[in-house]
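Survey of secondary and tertiary structure
Here is what each chain is made of, one letter per residue.
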Amino acid sequence: AARVIAQLATKSDKNFRAYGKMLAIVALSRLKEKNRILVEALRAALDALAASRAVEFSEVTPAIIEAATAKVPGSRTIALQWCSRLIRQCSAQDLRPALRELKLMLAQTTADAAADVREAALECVALLQVQCGTNAVSSLIEGLEKSKLDKIQKIVADESKELRAKPASPAQQVSSAQ
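What this report covers is the structure whose coordinates are included nearby. The shown structure was predicted, so the numbers you read here are calculated from the model rather than taken from an experiment.

**Here we look at the side chain of Lys148**
Following the sequence through the fold, Lys148 ends up in helix H10 (residues 146-165). Despite being buried, Lys148 has no salt bridge partner; Glu145 is the closest side chain of opposite charge, sitting 4.4 Å away. Among all residues touching Lys148, those that are not within four sequence positions of it are Thr110, Ala111, Arg118 and Leu122.

What follows is the structure, encoded as structure tokens:
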């Protein structure tokens, strides 16, 4: 079923957006499964939902937080990686309503015992810093160790380079021309 969702999300039109939230919430809740094949199919379905922009960040924030704080380290990692992917696609305006809830979850996951979870959480923090500004995540960054701060700064620098390298969208070109 997860593979079918992935195929539908990649090949369907805008009508699929009506089901994106529901499917993302179910997929995130099932990441705790022990069946590796199912988890990989769920990951592919989540990635397809993100790529097709079939979900709004604010609609799935509670499900992301629940999956990112689950007992299974693999599900925490996948949820945080998917969160990073969604953050890249969102504007600061889309992210700000969920920022308070995200900060609590990220404060917990940046101190996780599993290295993959910590790395994914640090990536989320860095991307939030890029999208929303340093002030928005200053409370998260203040208490971090120097090695974690260095990783965040590296990710921020890489993302900033990518943003500058991307050509401006037609809407951005029109607004800059005015």
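**Section: the packing of helix H4 (residues 57-68) against helix H7 (residues 99-109)**
The contact between H4 and H7 brings their axes to 10 Å, and the two run at 25°. By the criterion of interaxial angle, the relationship of H4 to H7 is roughly parallel. Between H4 and H7 lies a crossing whose hand is left-handed. Contacts from Phe57, Thr61, Ile65 and Ala68 of H4 reach H7 at Glu101, Leu102, Met105 and Thr109.

**Observations regarding unusual backbone geometry**
You will see that Arg53, though not glycine, has its phi angle at about 55°, which is positive. Checked against the element boundaries, Arg53 lands in the loop between helix H3 (36-51) and H4. Residue Arg53 is classed as partly exposed on the basis of its relative accessible area of 45%.

**Focus on the packing of helix H5 (residues 73-89) against helix H8 (residues 115-132)**
Where H5 contacts H8, the two axes come as close as 9 Å, and the packing angle between them is 15°. Put simply, H5 runs roughly parallel to H8. Taken as a pair, H5 and H8 cross one another with a handedness that is left-handed. Residue-level inspection shows Pro73, Arg76, Thr77, Leu80, Gln81, Cys83, Ser84, Ile87 and Arg88 of H5 in contact with H8, the latter providing Asp116, Val117, Ala120, Ala121, Glu123, Cys124, Leu127, Leu128 and Gln131.

The rules behind these values
- Counting from 1, residues in each chain are numbered in the order their sequence is written.
- Restriction of local features to residues with pLDDT of at least 70 applies here, the model being predicted, together with a cutoff of 80 or more for giving and counting side-chain atom pairs; totals for whole chains, interfaces and linings are based on all residues.
- Each side-chain value is worked out from all heavy atoms of the structure, with water and hydrogens disregarded.
- Strands here mean DSSP runs of E at least two residues long; helices mean DSSP runs of H or I at least four residues long; both are numbered from the N terminus.
- Residue burial is assigned from relative accessible area. The probe radius is 1.4 Å, only protein chains are included, and a residue is buried under 20% of its type maximum, exposed over 50%, and partly exposed in between.
- The convention is simple: Lys and Arg are positive, Asp and Glu are negative, and His and the chain ends are not counted.
- By definition, a salt bridge exists where a carboxyl oxygen of Asp or Glu is found within 4 Å of a side-chain nitrogen of Lys or Arg.
- Pairs of residues are marked as contacts when any of their non-hydrogen atoms sit within 4.5 Å.
- Only the stretch in contact is used when fitting a helix axis, every axis being a line fitted to C-alpha atoms; angles between N-to-C directions are given from 0 to 180 degrees.
- What sets the label is the angle itself: under 35 degrees gives roughly parallel, over 145 gives roughly antiparallel, 65 to 115 gives roughly perpendicular, and the rest give oblique.
- Should the near helix be turned anticlockwise from the far one by less than a right angle, the crossing is left-handed, and should it be turned clockwise, the crossing is right-handed.

None of the figures reported here should be taken as evidence of function without further support.
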